[in-house]
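# Coordinates in review
One-letter residues, chain by chain:
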Amino acid sequence: MTTTGNLPEVVSREEWLAARKALLAEEKELTRARDRVNADRRRLPMVRVDKPYTFEGPDGTVRLLDLFEGRPQLVVHHFMWIYDIDADGTEHPRDHGCSSCSSAADQIPARLRQLHVRNTTLVAVSRAPYAKLAAYRDRMGWTFPWYSSAGSDFNYDFHTTLDERVAPVLLGYRTEAELAAAGMPWEASWRGDYPGLSAFLRVDDEVFHTYSTFGRGIEEFHNCDNYLDLTPLGRQEPWEEPKGRAVPLGLEVGGPALRLPDEYDV
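This write-up is about the structure you can find in this document. Residue positions within a chain follow its written sequence, with the count starting from 1. Two thresholds apply to this predicted model, a pLDDT of at least 70 for residue-level local features and 80 or more for giving and counting side-chain atom pairs, whereas whole-chain, interface and lining totals are computed over all residues. Derived side-chain values reflect all non-hydrogen atoms in the structure, with water molecules and hydrogen atoms excluded from consideration.

### Things to note about helix α5 (residues 130-140)
Side chains of residues three or four places apart in an α-helix project in the same direction, reflecting 3.6 residues per turn. Here is the rule: For every residue, the accessible area (1.4 Å probe, protein chains only) is compared with the maximum for its type, and the residue is labelled buried under 20%, exposed over 50%, or partly exposed between those bounds. Segments assigned H or I by DSSP are reported as helices when at least four residues long, segments assigned E as strands when at least two residues long, and all are numbered from the N terminus. Should any heavy atoms of two residues lie within 4.5 Å, those residues are considered in contact.
Of the positions making up α5, those classed as buried are Tyr130, Leu133, Ala134, Tyr136, Arg137 and Met140. Buried residues along α5 sit against β2 (54-57), β5 (81-85), β6 (91-97), α3 (99-105), β7 (120-126) and β8 (146-148). The first or second residue beyond α5 is Gly141, which carries a positive phi of 75°.

### Details of the nonpolar core
What counts is decided by this rule: Among buried residues, the Ala, Val, Leu, Ile, Met, Phe, Trp, Tyr and Cys ones that are joined through side-chain atoms within 4.5 Å form a nonpolar core.
Of all hydrophobic cores here, the largest spans 21 residues; its most connected members are Phe79, Trp81, Tyr136, Trp142, Phe144 and Trp146. Excluding its chain neighbours within four sequence positions, the residues that come into contact with Trp146 are Glu56, Phe79, Trp81, Ala124, Val125, Ser126, Tyr130, Leu133, Tyr136 and Arg137.

### Structural notes on the packing of aromatic side chains
Selection criterion: Each Phe, Tyr or Trp ring, with Trp reduced to its six-membered ring, pairs with another whose centre is within 6.5 Å; inter-plane angles below 30 degrees give stacked pairs, above 60 give edge-to-face pairs, and intermediate values give tilted ones. Think of it as a cone above the ring: NZ of Lys or CZ of Arg counts as a charge over the ring if it is within 6 Å of the ring centre and within 35 degrees of the ring normal.
Per the stated rule, a full pass over the model turns up 18 aromatic pairs. Between Phe55 and Phe154 the ring centres are 5.0 Å apart and the planes differ by 80°, which places this aromatic pair in the edge-to-face class. Here Phe55 is found in strand β2, whereas its partner Phe154 is found in helix α6 (residues 154-157), with 99 residues between them in sequence. Overall, Phe154 belongs to the buried group, its relative accessible area being 0%. Relative to Trp146, the ring of Phe144 lies with its centre 5.8 Å away and its plane at 45°, an arrangement referred to as tilted. The class of Phe144 is buried, set by a relative accessible area of 3%. For Trp146, a relative accessible area of 1% corresponds to the buried category. Connected via pairs of aromatic rings, a cluster forms that spans Phe79, Trp81, Tyr136, Trp142, Phe144 and Trp146. One cation-aromatic arrangement involves Arg13 over Trp16; the distance from NZ or CZ to the ring centre is 5.0 Å. The aromatic ring of Tyr211 is capped on one face by Arg41, whose charged end is 4.9 Å from the ring centroid.

### Some thoughts on the pattern of salt bridges
Rules: When a carboxyl oxygen of Asp or Glu is within 4 Å of a side-chain nitrogen of Lys or Arg, the pair counts as a salt bridge.
Scanning the model with the defined rule gives 21 salt bridges in all. One salt bridge connects Asp84 with Arg94, and the closest N-O pair in it is separated by 2.9 Å. With Asp84 in strand β5 and Arg94 in strand β6, the pair connects residues that are 10 residues apart, well separated along the chain. Its relative accessible area of 37% is what places Asp84 among the partly exposed residues.

### Points about unusual backbone geometry
For residues other than glycine, phi is negative in most cases, and the peptide bonds are mostly trans. For the bond running from Glu241 to Pro242, omega is -5°, close enough to zero to count as cis. Structurally, the position occupied by Pro242 is in the segment after α8 (225-228). For Glu69, which is not a glycine, the phi torsion comes out positive at approximately 55°. Within the secondary structure, Glu69 sits in the loop between α2 (64-67) and β4 (73-78). Residue Glu69 is classed as partly exposed on the basis of its relative accessible area of 39%. The phi dihedral of Tyr173 falls on the positive side, at around 70°, and the residue is not glycine.

### Here we look at the environment of Pro93
Inspection of the secondary structure assignment puts Pro93 in strand β6. Taking the C-alpha atoms as reference points, Pro93 and Pro129, separated by 36 residues in sequence, lie 8.0 Å from one another. Once you skip the residues sitting within four places of it in the chain, Pro93 turns out to touch Trp81, Ile82, Tyr83, Ala128, Pro129 and Lys132.

### Examining the state of the cysteines
Here a disulfide denotes one covalent bond, and it connects the sulfur atoms of two cysteines. What counts is decided by this rule: When two cysteine sulfur atoms are found within 2.5 Å, that pair is recorded as a disulfide.
Under the defined criterion, the tally for this structure stands at 0 disulfides. Counting only cysteine sulfurs, Cys101 is the nearest neighbor of Cys98, a cysteine outside any disulfide, at a range of 3.4 Å. Given a relative accessible area of 7%, Cys98 falls into the buried group.

### A look at the side chain of Thr213
Note that Thr213 resides in strand β12 (residues 206-213). Aside from chain neighbours lying at most four places away, what touches Thr213 is Tyr173, Gly196, Leu197 and Ile218.

### Focus on a nonpolar patch on the surface
Rules: Residues form patches when they are more than 30% accessible in relative terms and have no salt bridge. Like charges link within 9 Å. Nonpolar side chains (Val, Leu, Ile, Met, Phe, Trp, Tyr) link within 5 Å. Values of accessible area rely on a 1.4 Å probe in the Shrake-Rupley scheme; residue burial ignores everything except the protein chains shown.
On the surface, Leu249, Leu251, Tyr264 and Val266 cluster together into a nonpolar patch covering about 390 Å² of accessible area. One can find Val266 in the segment after α8.

What follows is the structure in structure tokens.
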């Protein structure tokens, strides 16, 4: 049983309808606010990508331009990988990615045609060697395009691999100084890969970076949250209101019960 009490009040259909209409007004305002933010996002300036990034995929080495597959828009899932690290800092990629990024990847549609007919390509990019990515994708039964950025500056330049010895730190758009001022001084233990989403635009043969987001900016792509937010038990995470309604499952991003997708017994 996942509930702990404090369930919704039982009322008549008429009372429910009145309460639902009151909430509908809030939902409409949220929709309008989201529309405004989305419009402002589309108004963001863009930056020309001049560096000749290369990636490894099923057909060998390709350029960033090639990832578009001829379409004008590209969305990149920055898929965080897991490494074992020696005392001297040498990294050894494991055979699987992080459980949180795997949860998001498990929700990427098996068919991307709805994006494709809207002039948009979606790919995942990770820093691990391509052979590791391909084997893990096969294990999970995923079909989306997945490329390795190993050996390039791509992850560092787009702040999804953070290491102050390689490039200036920008964690959630905060520099080391800004992190320290916020009471979160940068630590060597934080070095490594981070998840994120980036958008790019192709104009002829030029590529432009238009958007990236990290942290809670990517939560809509995790754990079926959009569906769970419609339910009375919600995501069943400890921070949710009303308190005491459901037993926290520990399945939030980074949560103690989060597993790789094929490890759940359901």
